[in-house]
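# Fold and geometry: a report
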Number of protein chains: 2
Amino acid sequence: MDTPVIDHRGPEFAELARKCLDGIKTIFKTTNPVIIYTATGTGAWEGALVNTLSPGDKVLMVETGHFATLWKKMAEKLGLNPEFIVTDWRTGVDAAAVEARLLNDKRHEIKAVCFVHNETSTGCLSSVPEVRKAIDRVGHPALLLVDTVSSLASADYRHDEWGVDVTVAGAQKGLMLPPGMSFNAVSDKALAASKTSKLPKSFWAWDDMLAMNKTGFFPYTPATQILHGLAVAIEMLHEEGLDNLFARHDRLAEATRCAAKAWGFDIVCRDPKYYSPSLTAILLPDGYDADSFRALALECFNISYGAGFGPFKGKMFRIGHLGDTNDTMLMGALAATEMALSLAGIPHNRGGVQAAMDCLVSAHENSTHAATE
Amino acid sequence: MDTPVIDHRGPEFAELARKCLDGIKTIFKTTNPVIIYTATGTGAWEGALVNTLSPGDKVLMVETGHFATLWKKMAEKLGLNPEFIVTDWRTGVDAAAVEARLLNDKRHEIKAVCFVHNETSTGCLSSVPEVRKAIDRVGHPALLLVDTVSSLASADYRHDEWGVDVTVAGAQKGLMLPPGMSFNAVSDKALAASKTSKLPKSFWAWDDMLAMNKTGFFPYTPATQILHGLAVAIEMLHEEGLDNLFARHDRLAEATRCAAKAWGFDIVCRDPKYYSPSLTAILLPDGYDADSFRALALECFNISYGAGFGPFKGKMFRIGHLGDTNDTMLMGALAATEMALSLAGIPHNRGGVQAAMDCLVSAHENSTHAATE
């Protein structure tokens, strides 16, 4: 990316753009076009809504946590009528609850089901196929919009096979890029909906974008430097292999949970079914301020945890283990965490680091066994 | 900018953000806040419209060229009712025409006057103070929205003094940054309008942005790497001094026009009053294809001109002389152009390069005289 800016109307650019536009499809696992926005994930949320929906449309959303709540607020601001399936922010999407609500929507007033695949604020990963099946069982025509900002290229994801209509993603997580680029992967059904959608749109409009992308260009100035990075990121992901990459994320997540358990702490995600491969949100014992702990760890060990939101504000810290991360980096982070817990005087059991190492060694042994069997 | 991504919720970030948010005001010459979008200029156009206007609002725009036309199309897509003051794309904004139209708008149906300060597709720079005075003479309450994508930090600009309500700008021209960031400078009147504006908005909404910016943060993930660059760019601009920078742009523009004149070519801007300091659009003789010429020059000399749009498609090429450019770079570009004209067999007079050198020498002599007087 640290390269001179090229002319975004010149032939060299078209080659770069085609590489990105074709390559990114293999990450979403779609044969349909993927829209690349010069904006962060919040912009791609807006793109998903304004291209497919009309003022006043009812959308069913699931309150998995902070980001689901922000997406709902956005829907309200844009003049949609979102309905929330409430949770305690410690779980993923209950497909049965979605099914029950849709079954009740005899007149098909709900135009879209929207949820966050991996809720970054809590570390809960939901099952897209389960929600898809729930929608199909009821025979409901609602579109399925899924936010994969913190799951794409970290957790298994299959836009086409899973029947998602719009997948929202960003550059700065699993794709390992700096922030400033985001995506909408689209189904034929979503494209059809975009022809009749009545929400006003211009910057986010798919039609202009798709028409220009066919020629290898963008309707307006794109973030050329991040495109350079995206082309390389896609190569790196395939070099590792997506399945290996998902296994790596699962391994690092499991090791982090082992450490948390050994320390004697709960994690926010209370059901193993929803464990996230991207991040782990760890609850501190009652009475200990997680934000002070985060500040101390940043000061002593230059480690930057995610904050707690909503009901968990000041009560938890989040360890991200996605993207360009490996066992060695994670162990450094877990050791820093265990040391920071000691320095902060937060009561915990020693041995979290040891537990994580045991977990990783065991995972590597199993994978070696599996490979030689 | 080539630095590890920092946590956009950490204390180090707040320091960077404050530097940018405060610093950028000195470039727009405003004491009001400036909104920094993670998006390119097209996004900031949308920000200016959706924050201040309501569905069906009439806006008066001036057809200075391709970018003014795109902004008008955007207004239409967003459900506004734009009215165009037509031009032949060879001139800037005629303030008298704006005044006449506003005078006729007895019921004040026009809610905003929008124009492009420097029309990038033609190289015509309009006078903001003249338009402001025209609006004031009529006593019309319309907002004044100005696109400075290719003029900010290249031509003199004074958001507050000139009474502009929203100034739109991008990172990738005078601010010398890669594309991926854009701006809305706002007046109190624009902020007041944003309280009652009814166009749906979320990503572009000023209120959330201003509230978060007060704490040194952004409501959603910003383009951190470009912010690093912005902080440095602002320092560089002040190191040179804005007045010196404007004089440099004027000098390079004048030298380019001297070359074009010596070659025997017309430039698109037909009235010296509107000459642009940022770029010069040069018309080729009838019957010669400018796009083939551009391709040849790119191939032989690795020089990338802007294309012609609208009535000038295939008829002209544009030389940008803004941002991180100096006399030496410009002379290289003009020499490459003169050589490419020869290689392309396009009839022209020799001596364009000499004329440009004479022009630059004379400008430097005059500025030395002025400095020693």
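Counting starts from 1 at the beginning of each chain's written sequence and moves along it residue by residue. To read the labels, note that chains go from A and ligands from 1, taken in the order they are written. In view of the model being predicted, local features appear only for residues whose pLDDT reaches at least 70, and side-chain atom pairs are presented and counted only at 80 or more, with totals across whole chains, interfaces and linings using the full set of residues.

## With respect to the packing of helix α2 (residues 41–52) of chain A against helix α3 (residues 66–77) of chain A
Residues and elements named next belong to chain A. Following both chains from N to C, one finds α2 and α3 inclined at 45°, their axes separated by 10 Å at the closest point. The pairing of α2 with α3 is recorded here as oblique in orientation. Crossing geometry of α2 relative to α3 is assigned as right-handed. Of the residues in α3, those touching α2 at W45, E46 and L49 are W71, M74 and A75. Across the contact of α2 with α3, the residue classes break down as five nonpolar, no polar and one charged. For every element, the axis is a line fit to its C-alpha atoms; helices are fit only across the contacting stretch, and the angle between N-to-C directions ranges from 0 to 180 degrees. Put simply, DSSP H or I for four residues or longer makes a helix, DSSP E for two residues or longer makes a strand, and each gets a number counted from the N terminus. Roughly parallel means an angle under 35 degrees; roughly antiparallel, over 145; roughly perpendicular, 65 to 115; everything else is oblique. Note on convention: the crossing is left-handed when the near helix lies turned anticlockwise from the far helix by less than a right angle, right-handed when the turn is clockwise. By the convention adopted here, residues are in contact when the distance between their C-beta atoms, placed from the backbone, does not exceed 7 Å. Under the convention adopted here, Pro, Cys and the residues Ala, Val, Leu, Ile, Met, Phe, Trp and Tyr are nonpolar, Asp, Glu, Lys and Arg are charged, and Gly plus all remaining residues are polar.

## Here we look at the relation of the copies chain A and chain B
Superposition of chain A onto chain B requires a rotation of 180° combined with a translation of 0.0 Å along the rotation axis, giving an RMSD of 0.0 Å. Expressed as an axis order, the relation between the two copies is that of a two-fold axis. Ranked by how close their C-alpha atoms come to the rotation axis, the residues of chain A are headed by A39 of chain A, at 2.4 Å. When you check the interface residues of chain A against chain B, 100% turn up at the interface there too, and the contact is symmetric in its surfaces. Here the copies are superposed with least squares, the fitted atoms being C-alpha atoms of residues at a pLDDT of at least 70 in both.

## Focus: helix α3 (residues 66–77) of chain B
All names here are of chain B. Every helix has an expected span of 1.5 Å times one less than the residues it contains. Between its first and last C-alpha, α3 extends 16 Å over 12 residues, near the 16 Å set by a 1.5 Å rise per residue. Backbone-placed C-beta atoms define the burial measure: a residue is buried with 20 or more other C-beta atoms within 10 Å of its own, exposed with 12 or fewer, and partly exposed in between. Here α3 has its buried residues at H66, F67, A68, W71, M74 and A75. Buried residues belonging to α3 abut α2 (41–52), β2 (58–62), β3 (81–85), β4 (110–116), β5 (118–119) and β7 (143–147).

## Digging into the domain arrangement of chain A
All names here are of chain A. These domain limits were set by an automatic method or by a database of domain assignments. Domains assigned within chain A are domain 1 (11–239) and domain 2 (242–372). Computed over C-alpha atoms, the centres of domain 1 and domain 2 are 28 Å apart. Contact with domain 1, which involves 24 residues of that partner, is made by 25 residues of domain 2. Residue classes in the side of domain 1 that touches domain 2 are distributed as seven nonpolar, 14 polar and three charged.

## Here's the deal with the sheet that holds β4 of chain B
Residue and element names in this part refer to chain B. Reading across the sheet, the seven strands line up as β1-β9-β8-β7-β4-β2-β3 and stay open at both edges, with mixed pairing between neighbours. Bordering the open sheet on either side are β1 (34–37) and β3, each of which pairs with just one other strand. Strand-to-strand twist of the sheet, defined as the mean angle between neighbouring strand axes without regard to direction, takes the value 20°. The rule for pairing is simple: two strands pair if DSSP sees at least two bridges between them. In this structure, β2 lies alongside β4, joined through four bridges in parallel fashion.

## Focus on the interface of chain A and chain B
Across the boundary between the two partners, chain A contributes 36 residues, which contact 36 residues of chain B. Elements that contribute at least two residues to the side of chain A that touches chain B include exactly α2, α3 and α8 (224–240) of chain A. The element that contributes the greatest number of residues to the side of chain A that touches chain B is α2 of chain A, accounting for four residues. Across the side of chain A that touches chain B, the residue classes break down as 16 nonpolar, 14 polar and six charged.

## Notes on helix α5 (residues 128–138) of chain A
Residues and elements named next belong to chain A. Those residues of α5 not exposed but buried are V128, V131, A134 and I135. Taken around the axis of α5, the buried residues stretch over an arc of 125°, which confines them to a single face. Away from the buried face of α5 by more than 90 degrees, exposed residues D136 and R137 are located. Looking at the buried side of α5, the elements it contacts are α4 (95–103), β4 (110–116) and β7 (143–147). Throughout, the arc means that of the directions going from the helix axis to the C-beta atoms.

## Some details on the pairing of strand β3 (residues 81–85) of chain A
Residues and elements named next belong to chain A. By the bridge criterion, five bridges tie strand β2 (residues 58–62) to β3 in an arrangement that is parallel. Of the residues in β3, the one forming a bridge with K58 is N81. Orient the strands so they point away from the viewer, and a crossover whose first-strand-to-second-strand path over the helix runs clockwise is right-handed. This β-α-β element, β2 to α3 to β3, shows right-handed connectivity.

## Some words on the environment of C258 of chain B
Residue and element names in this part refer to chain B. Tracing the backbone through its elements, the reader meets C258 in helix α9 (residues 242–263). In the structure, C258 is positioned 28 residues away from L230 in sequence and 33 Å away in space, judged by C-alpha atoms. Residues in contact with C258, not counting those within four places in the same chain, are A355, A356 and C359.

## Quick look at the nonpolar core
Core analysis: the biggest nonpolar cluster contains 229 residues, and L230 of chain A together with L230 of chain B have the highest contact counts within it. Apart from residues no more than four positions distant in its own chain, L230 of chain A is found in contact with C20, I24, A171, L175, L177 and M181 of chain A. Think of a nonpolar core as buried Ala, Val, Leu, Ile, Met, Phe, Trp, Tyr and Cys residues, each tied to the set through C-beta atoms within 7 Å.

## A closer look at the packing of helix α10 (residues 290–301) of chain B against helix α11 (residues 327–343) of chain B
Residue and element names in this part refer to chain B. The geometry of α10 relative to α11 is characterised by a closest axis approach of 9 Å and an angle of 115° between their N-to-C directions. For the pair α10 and α11, the crossing hand works out as right-handed. Only A336, T337, M339, A340 and L343 of α11 make contact with α10, whose side of the interface consists of F293, L296, A297, C300 and F301. For the contact of α10 with α11, a count of residues per class yields nine nonpolar, one polar and no charged.

## Topic: the environment of A134 of chain B
All names here are of chain B. Here A134 is to be found in helix α5 (residues 128–138). Overall, the presence of 24 C-beta atoms within 10 Å leaves A134 in the buried class. Along the primary structure A134 and E119 are separated by 15 residues, whereas in three dimensions their C-alpha atoms are 20 Å apart. Apart from the residues within four sequence positions on either side, A134 is in contact with A95, A96, V98 and E99.

## Quick look at the sheet that holds β2 of chain A
What holds strands together in a sheet is hydrogen bonding between their backbones, with the strands either parallel or antiparallel. Residues and elements named next belong to chain A. Read from one edge to the other, the open sheet built from seven strands follows the order β1-β9-β8-β7-β4-β2-β3, with strand pairing classed as mixed. Both edges of this open sheet fall to β1 (34–37) and β3, since each of them pairs with a single strand only. Taken pair by pair, the neighbouring strands of this sheet meet at an average axis angle of 20°, ignoring direction. Direction of pairing for strand β8 (residues 166–170) relative to strand β9 (residues 182–186): antiparallel, over a ladder of five bridges. Looking at β9, one finds that T167 is bridged to A185. Strands in contact with helix α1 (residues 11–28) are β1, β8 and β9; relative to β1, the strand with the most contacts, it is inclined by about 115°.

## Let's talk about the environment of L284 of chain A
Residue and element names in this part refer to chain A. Relative to the assigned elements, L284 resides in the loop between β10 (279–283) and α10 (290–301). A count of 24 C-beta atoms within 10 Å places L284 in the buried class. Residues L284 and E99, 185 residues apart in the sequence, show an inter-C-alpha distance of 35 Å. If near-sequence neighbours (up to four positions away) are discounted, L284 is found in contact with F265, A290, F293, K315, M316 and I346.

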